[in-house]
Amino acid sequence: MLMQISISPTDRLFVLTGAGISAESGLPTFRASDGLWAGHRIEDVCTPEALEENPALVWEFYSQRREQGAKAEPNPAHRALADLEAKLGDRFFLCTQNVDDLHDRAGSRRLIHMHGELAKSRCEDECGRPPIEDRTVYASLVEVGRCTCGARLRPHIVFFGETPLEMSRIQSKIDDCSLMVVIGTSGSVYPAANFVNWARHAGARTVYVGPERPLNASAFTHIVEGKAGEVLPGLFEVLSI
Ligand code: BV8
């Protein structure tokens, strides 16, 4: 009998997702043996120094991710979270570490991409103009678009060493939640791997969903072992009284 998570009429839910929720959509995770980092060193494609020293390689990596992402479709796990948001309204909040747009395409709206978005680019010189929609798969560095200020565009991605997006909004949502559900993330990157500790300090129940125990497993009150696409659709019981 699969475990069910009951959501009371007063529960406020914070969901954190990682690469694992997109695995059943065919997108590689990072730390699996055939994962994204298998072909690259983090410091060569996902740091400000890498962008400075070898922008062609950084753009090659993210253009390839754009190409992969465009072929992927949301899976039942993404749709289960969008359905839950429709039932809970403002008692639901989704923070994803993923830069793919599968949550958005599944219908999630109360959503933050804390590590940026593949489908956007922004000014490399940080001139202050907001990120723009950009799904272009650039074949070479010379093709990469320009900001209206004239500087080259960079992927709208939070590199290692850069500050995740909307942290104050995330922090207040965590402080306010009574239930945190973390799905498909190894717990190896901070500050996201600490969110479960913040939630526990706020008195929340904490649940992890994934096929392997994460590095921060000891911080969870429950662990539901399984693939997100198989487990999520029947996992939540929304209580009306
Ligand atoms: C920051 C870019 C300051 C987009 C990413 C020493 C100690 C502690 C911390 C640090 C340290 N040295 C440096 C740091 C900080 C550093 C960090 O954490 N480094 C690590 C390596 C130690 N962090 C930073 O630099 C961050 N910034 O700290 O700024 C600050 C702090 C607080 C407040 C303000 C400022 C910025 C980090 C962002 C880096 N950018 N991505 C992209 O390319 O995609 S990180 C990247 O890896 C992802 O975005 C994701 O967040 C992260 C982790 O990946 P996961 O999603 O967990 O994927 P992984 O492959 O690891 O695991 C997949 C899981 O899925 C597995 O568990 C697997 O079992 C499961 N799974 C598989 N199949 C399924 C499944 N689950 C469910 N269903 C399935 N079917």
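Preceding block: the structure.
These numbers come from a predicted model, not from an experiment.

Novice: Help me out: how do you make sense of the nonpolar core in this one?
Specialist: A general trend in soluble globular proteins is that nonpolar side chains are found buried together. Core analysis: the largest hydrophobic core is formed by 24 residues, its most contacted members being Leu13, Leu81, Val181, Ile183, Val209, Leu232 and Phe236. For this core, the secondary-structure elements that each account for two or more residues are strand E1 (5–7), strand E2 (13–17), helix H5 (76–88), strand E3 (92–96), strand E8 (179–183), strand E9 (205–210) and helix H9 (228–231). For this core, the element with the highest residue contribution is H5, accounting for five residues. Among all residues touching valine 181, those that are not within four sequence positions of it are Ile5, Leu13, Phe14, Val15, Leu16, Val207, Val209 and Phe236.

Novice: Would you mind going over H5 with me for this structure?
Specialist: Counted at 1.5 Å a residue, the expected span for H5 with its 13 residues is 18 Å, and the 18 Å between its end C-alpha atoms agrees. Those residues of H5 not exposed but buried are Ala77, His78, Ala80, Leu81, Ala82, Leu84, Glu85 and Leu88. Capping of H5 at its N-terminal end is provided by asparagine 75; its side-chain oxygen lies 2.7 Å from the backbone amide nitrogen of alanine 77. Glycine 89 lies just past H5 and shows a positive phi near 60 degrees.

Novice: What is the right way to look at the environment of alanine 193 in this model?
Specialist: Within the secondary structure, alanine 193 sits in the loop between E8 and helix H8 (195–201). Alanine 193 sits in the buried class, given a relative accessible area of 5%. Not counting the four nearest positions on each side in its chain, alanine 193 is found in contact with Gly187, Ser188 and Asn216.

Novice: Just to check I follow, could you spell out the site of the ligand for this structure?
Specialist: Close contacts around the ligand come from 35 residues, with Arg31, Gly161, Thr185, Ser186 and Glu212 the closest. Between the ligand and glycine 184 there is a distance of 3.3 Å, counted from an oxygen atom to a backbone nitrogen or oxygen. In the complex, the protein chains occlude 75% of the 1500 Å² of accessible area that the ligand would expose alone. Elements supplying a minimum of two residues to the shell around the ligand: helix H4 (55–71) and E9.

Novice: Is there a simple way to think about the side chain of histidine 113 in this case?
Specialist: Looking at the element boundaries, histidine 113 is found in strand E4 (residues 111–113). Given the relative accessible area of 8%, histidine 113 is considered buried.

Novice: Even after reading the chapter, I still don't get the environment of glutamate 237, so can you show me in this structure?
Specialist: For glutamate 237, the location among the structural elements is in strand E11 (residues 236–238). The class of glutamate 237 is partly exposed, set by a relative accessible area of 35%. Distance in space between the C-alpha atoms of glutamate 237 and isoleucine 7 is 6.0 Å, their sequence separation being 230 residues. Ignoring sequence-local partners within four residues, the contact set of glutamate 237 consists of Gln4, Ile5, Ser6 and Ile7.

Parameters at a glance
Residues numbered from 1 in each chain as written. Predicted model: local features only at pLDDT ≥ 70, side-chain atom pairs only at ≥ 80, totals over all residues. Heavy atoms only, no water. Core = buried A, V, L, I, M, F, W, Y, C linked by side-chain atoms within 4.5 Å. Buried < 20%, exposed > 50% of the residue type's maximum accessible area, 1.4 Å probe, protein only. Helix = DSSP H or I, 4+ residues; strand = E, 2+ residues; numbered from the N terminus. Contact = heavy atoms within 4.5 Å. Expected span 1.5 Å × (residues − 1). Polar contact = N/O pair within 3.5 Å; in protein donor to acceptor, adjacent residues only side chain to side chain. Near = heavy atom within 4 Å. Areas by Shrake-Rupley, 256 points an atom, 1.4 Å probe, with all protein chains shown as cover.

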